[in-house]
Amino acid sequence: MKRVDQVLEAVKALEANHNSSVTAEDVGAYLHLDRSSASRYLNKLAKAGTLVKLDGRPVQFTSKRLQKADVPPRDSADQTLALSAQESIVGSDRSLQVPMQQAKAAILYPPSGLHTLLLGETGVGKSMFAEFMYRFSIQSGMIGTDAPFTRFNCADYADNPQLVMAQIFGVRKGAYTGADKDKDGLLKQSDGGVLFLDEVHRLSPQGQEMLFTFIDKGTFRRLGETEALERATVQIIAATTEDPSSFLLKTFTRRIPMVITLPALRDRTFDERMALIDAFLKMEAKRIGKSVYVNKNSLISLLLYECPNNIGQLRSDIQLACAKAFLKYKSKDENYILITQSDLPQHVKRGYMKIQEHRDEIDYLIKSSEDIFRYHADTFMEENALTPSGPVLFYEHIEERVSNLKSTGMDSRQIHEILNGDIETHFQNLIKGMDNQQRKEEISKLVAPEILEFAEHILNRAATMLTRSYDEGVLFPLALHLHGSIERIRTGQPIFHPQLNVIRVNFPDAFMAAMDAAKEMDRLFNIQTPLDEIGYIAMFLAADFDAVLGSEEAKVGVLVLMHGPSTASSMVQVANALVGKDHAVGLDMPLSVKAQDMYEIVKKEVRRVNTGRGVLLLVDMGSLSNFGALIAEELGVSIKTVDMVSTPIVIEASRKAVLGRELSEIYRSCQSAMGRAVSEQRREEQDKSDLIITACFTGEGASERLRKIVETRIQDIQGIEVKSLNILNKKEFIKRLDALHQEHRILAVVSTIDMVLDQYPLIHAVELLTGTGISRLEEIVSHEVAYRQMGVSLKNHLKGVDGKEAIYTSLDALSEMERELGVQIEHDVKTGILLHMGFMLERIRSGESLRSFEHLQTYKKEHERAYEVVQKALQSIESHFQLHIDEHETAYITRMIVENN
């Protein structure tokens, strides 16, 4: 038996013998331990929640739960009901014991309870505690079962004190502009129930005075009312994260007799924290509808990591881990949802480093020798929940994933980033669900039947030799490639493979299978296949296609530096989770740390993350902005610095870095996303010509045939060039695209190889050959031509604004809105919005009086997320034209996007 278990048994034995709590000296004498060792083990057991530590001298410990203080209930039946409301509150018999007693006393105090102020840090559960008080009020009979519970966050309208008071007390018609009718406030709506005012310190002094008048007299007046009094019976529960004496009027706090302080997560016992983790994991299992498994090390990390934002952050971190594990389960066809260390945010992983300090508590709490723990979904499903029967379609999988990610609180942009970053895009996922015979008929129009048959034959042989499978996503590109290669060999044109030795060394099995295929090709087509061509065939047969394309090369380092105890690490946690790789690194700079000390820390980290391609520093302000230039000079490392950054900028930089982009491009992208140097970039964009890229391994055979197909389709449209490239190396291919992007507007990439291109629309060759891709390409081209013509037309109608610039700056802004909000605006609708924005810019530039948006503040509140996205996207237009788009015009555009008309 471990020593900690012996100490626990000793406490129980001593309590049984003496019917009293015990001291460290008692335990030491019983087990022949020195008093300090006994005290250490007793305190560990108390920290874990196994023992209760009693104040006094000497300090005493007991294994018995403290009895609940006797709070006089209305009757014995009410006391029974009172217990059920607290069952869902973790820690009600531990760290929350005193707050629970205070809460019940406040509720039961005659005649109608005491108004209450809840104090505590962000995330400690003040809102949840207020709901407990409301439920307890109903169960104890203090209020009716249909009594309202109204929640209001005073911070929501902190910039408009008049509106805050209108929300709470109501409005009389004509009280202010826009008050076109009488309106009840939250006090009236909460009559007979509970009003929870969160962030009450944001309430203005005038608002506090009006509230304590209501507390004193039970009456109030609507805003703008001078005579008629309203009456209501409402129990007020207020909450704040601040010191009441610093932000609240004394006259207000004196009228709230019950003040309850909720403990921070760090002050709660380990078994309470374990109970919270269990509850949150069970909730996620219920949301997903499947069991969630967690390995032991991950559970330990969740128990021990520093969680400055308390229960709210713990829940958020668990949701993020579940989301990553769920996507891994879906995209990689795993058999179960398993959370491992790799799914945890970086700051959570660091918790495992504290295991030596808390070994005894961990051993006591996690007694199981198992390495995997299961949180069963079935137990927590609603009673009548239905589960789908039969095979689930691919699109239903996507819908399920989107739904579950939304349930974690993620917005559409975050979900889009996760899906694009994590879902596998290899050949075997291409073109599912189409009829095989139909596709063969389409491809046979361009490739000789004997070549298609031969391509299918060698893939079948390779599948046996390499123990893997291939589908039409490999078959059709291979057939196209062989068609061009055989033609080149027959006409004596050379074939060169610059990475032949790389393929031979890294993919020997695929190369041997390709040699076997070449022998048959020579016999069937009466040719002599060169070694370089065998290298190309091996690339189609290789299992690790990403490795063939060189996608795992060195990447630009991303280092986030922020003032504060957790700002940088929190941003990096979100960015890495959404990008799908732990690439960005966060360094927090507490205000107590000297700049020189931080400089040395950053310099050391720059050395570590630099792989030879440079480092991007993303900082907030102050001395951190100067570190990049100093370190670059000292170490000789390429460094660029972007200041005043936000989480979306960190996500953007991380995505570009993971994709292998160059330091200068990532830097420009971040600057552009922040609306800097936009004017010059936009002007360059207007003068670019349009370009479509076709691509295959060689840049010849299949790529050239695709180029001719595309040119035939767009031959009547002037000003669009088609260019073929090779994709021997993914990094080099993207470099070529980016170089071409400097002079051209790349409309689409048509490729025999499937890949993720974050900036350019990709059309797979098979789509082009089977018809769907042609329609998509023609749509892209026709839209581009329409926008081009619209710009020319507007040039003749707009005064003071260049029509072409207006169209293309607006078009870019709309693309950002679509991406951020996860919507797709129909072309006809987009055309109408572009026209609106063009004439809007003319009105603003000419100084015309603009329209007012009816019920503006209400609309902004109802569509807060969409309004913020639109407002941010419009900043690039404001910067380009050096003008201001007011909130009324922003609301009109928001409504067009939301309603998509």
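From a predicted model like this one, the values you see are computed outputs, not experimental measurements.

Engineer: What's the story with the overall build of the protein in this structure? I'm lost.
Structural biologist: Per the secondary structure count, the protein includes 41 helices and 23 strands. Sequence-distant contacts, at least 24 apart, represent 73% of the contacts inside the protein between residues at least 6 apart. Carbon and sulfur atoms make up 48% of the accessible area of the protein, which totals about 42,200 Å².

Engineer: Teacher, can you tell me more about the packing of helix H37 (residues 827-846) against helix H41 (residues 887-899) here?
Structural biologist: Two quantities define a packed helix pair, namely the angle between the axes and the distance from one axis to the other. Put simply, H37 and H41 touch, their axes get as near as 11 Å, and they point 175 degrees apart. Accordingly, the angle class assigned to the pair H37 and H41 is roughly antiparallel. In this structure, H37 contributes Ile833, His836, Met837, Met840 and Arg843 to the contact, and H41 contributes Glu889, Ile893, Met896 and Ile897. Among the residues making up the contact of H37 with H41, the classes are represented as 6 nonpolar, 1 polar and 2 charged.

Engineer: So what exactly am I meant to see when it comes to the sheet that holds strand S13 (residues 292-295) here?
Structural biologist: By way of backbone hydrogen bonds, the strands of a sheet pair with one another, either parallel or antiparallel. Judged by pairing direction, the sheet is mixed, and its 3 strands sit side by side in the order S14-S13-S15 without closing on themselves. For this open sheet the edge positions go to strand S14 (337-339) and strand S15 (372-375), each flanked by a neighbour on one side alone. Each strand axis lies, on average, 25 degrees off the axis of its neighbour in the sheet, ignoring direction. Strand direction decides the pairing type here: S13 and S15, joined by 4 bridges, are antiparallel. Note on S15: the bridge partner recorded for Tyr293 is Arg374.

Engineer: I'm lost on the pairing of strand S20 (residues 689-696) in this one. Help?
Structural biologist: On a regular strand, each side chain points to the face opposite its neighbour's, so the side chains alternate between the two faces of the sheet. Counting buried positions along S20 yields 7 of 8 residues, so the element is predominantly enclosed. Note that S20 and strand S22 (residues 744-751) share 7 bridges and pair parallel. Among the inter-strand pairings, Ile692 is bridged to a residue of S22, identified as Ala748. Sheet topology places S20 next to strand S21 (residues 720-726); 7 bridges connect them, and they run parallel.

Engineer: Whenever I open this one, the side chain of Arg222 confuses me. Can you help?
Structural biologist: Mapped onto the elements of the fold, Arg222 is located in the loop between strand S9 (219-220) and strand S10 (230-231). For Arg222, the contacting residues outside a window of four places in its chain are Phe169, Gly170, Val171, Arg172, Asp182, Lys183, Asp184 and Glu230.

Engineer: Just to check I follow, could you spell out unusual backbone geometry for this structure?
Structural biologist: Generally, phi is negative for residues other than glycine and the peptide bonds are trans, each holding for most cases. Of note, the bond from Pro110 into Pro111 is cis; its omega dihedral lies within 30 degrees of zero at 0 degrees. The phi dihedral of Met644 falls on the positive side, at around 55 degrees, and the residue is not glycine. You will see that His855, though not glycine, has its phi angle at about 55 degrees, which is positive. Note that His855 resides in the loop between H37 and helix H38 (856-862). Classification of His855 as partly exposed rests on a relative accessible area of 44%.

Engineer: Is there a simple way to explain the nonpolar core in this structure?
Structural biologist: Buried together is how nonpolar side chains tend to be arranged in soluble globular proteins. In terms of nonpolar packing, the biggest core is built from 75 residues, with Leu482, Leu541 and Ile692 touching the most fellow members. Considering every element that reaches this core, the biggest residue donor is helix H21 (residues 472-490), with 9 residues. Other than its neighbours up to four places away in sequence, Leu482 contacts Ile451, Phe454, Ala455, Ile458, Met521, Glu533 and Ile537. In this structure, Phe270, Val292, Leu344 and Ile362 belong to the second largest nonpolar core, which totals 36 residues.

Engineer: Help me out: how do you make sense of the sheet that holds strand S4 (residues 116-119) in this one?
Structural biologist: Spatial strand order, S5-S8-S11-S4-S12: 5 strands in an open sheet with parallel pairing. Every other strand in the sheet has two partners, leaving strand S5 (149-153) and strand S12 (258-261) as the edge strands with one partner each. For this sheet, the mean inter-axis angle between neighbouring strands, taken without regard to orientation, is 20 degrees.

Engineer: What's the story with the packing of aromatic side chains in this structure? I'm lost.
Structural biologist: What characterises a pair of aromatic rings is the spacing of the ring centres plus the angle enclosed by the ring planes. Summed over all chains, the structure comprises 9 aromatic pairs. Seen in terms of ring centroids, Phe169 and Phe220 are 6.3 Å apart; in terms of plane orientation they differ by 50 degrees. Their pairing is tilted. Placement of the pair is Phe169 in helix H7 (residues 161-169) and Phe220 in strand S9, with a sequence separation of 51 residues. For the pair Phe169 and Phe220, a shared accessibility class is recorded, and that class is buried. With a centroid separation of 4.9 Å and 55 degrees between ring planes, the pair formed by Phe853 and Tyr859 is classed as tilted. Each member of the pair Phe853 and Tyr859 is classed as buried. Across from the ring centre of Tyr41, 4.8 Å away, lies the NZ or CZ of Arg40, which sits over that ring. Sitting over the face of the ring of Tyr667, Lys640 holds its NZ or CZ atom 4.9 Å from the ring centroid.

Engineer: When you look at the pairing of S4 in this model, what are you seeing that I'm missing?
Structural biologist: Burial along S4 is two-sided: Thr116 and Leu118 and Leu117 and Leu119, pointing in opposite directions, are all buried. Bridging between S4 and strand S11 (residues 235-240) involves 4 bridges; their strand directions are parallel. Paired with Thr116 across the two strands is Ile237, which belongs to S11. Both S4 and S12 contribute to a ladder of 4 bridges, which runs parallel. When the bridges of S12 are listed, Leu117 appears paired with Val259.

Engineer: What is the right way to look at helix H27 (residues 595-609) in this model?
Structural biologist: Residue pairs three or four apart in sequence face the same way in an α-helix, which turns once every 3.6 residues. Taking 1.5 Å as the rise per residue, H27 with 15 residues should run 21 Å; its terminal C-alpha atoms sit 21 Å apart, in good agreement. Where H27 is concerned, the buried positions are Met598, Tyr599, Val602, Lys603, Glu605, Val606 and Val609. Looking at the packing, one finds that the buried side of H27 touches strand S16 (557-563), strand S17 (585-589), strand S18 (615-619), helix H28 (624-635) and strand S19 (639-642).

Engineer: Would you explain the pattern of salt bridges in this entry?
Structural biologist: Where charged atoms from two side chains of opposite charge approach closely, those side chains can pair. Throughout the structure, instances matching the rule amount to 21 salt bridges. Taking the shortest distance from any N to any O, the salt bridge between Arg523 and Glu520 comes out at 3.5 Å. Within this pair, Arg523 and its partner Glu520 are both found in helix H23 (residues 508-525), separated by 3 residues, close to a single helical turn. Looking at Arg523, the relative accessible area reads 58%, which means it is exposed.

Cut-offs applied
Residues numbered from 1 in each chain as written. Predicted model: local features only at pLDDT ≥ 70, side-chain atom pairs only at ≥ 80, totals over all residues. Heavy atoms only, no water. Helix = DSSP H or I, 4+ residues; strand = E, 2+ residues; numbered from the N terminus. Contact = heavy atoms within 4.5 Å. Areas by Shrake-Rupley, 256 points an atom, 1.4 Å probe, with all protein chains shown as cover. Axes fitted to C-alpha atoms, helices over the stretch in contact; angles between N-to-C directions. Parallel < 35°, antiparallel > 145°, perpendicular 65-115°, else oblique. Nonpolar A, V, L, I, M, F, W, Y, C, P; charged D, E, K, R; others polar. Pairing = 2+ DSSP bridges. Buried < 20%, exposed > 50% of the residue type's maximum accessible area, 1.4 Å probe, protein only. Core = buried A, V, L, I, M, F, W, Y, C linked by side-chain atoms within 4.5 Å. Phe/Tyr/Trp six-rings, centres within 6.5 Å; stacked < 30°, edge-to-face > 60°. Lys NZ or Arg CZ within 6 Å of the ring centre and 35° of its normal. Expected span 1.5 Å × (residues − 1). Salt bridge = Lys/Arg side-chain N within 4 Å of Asp/Glu carboxyl O.

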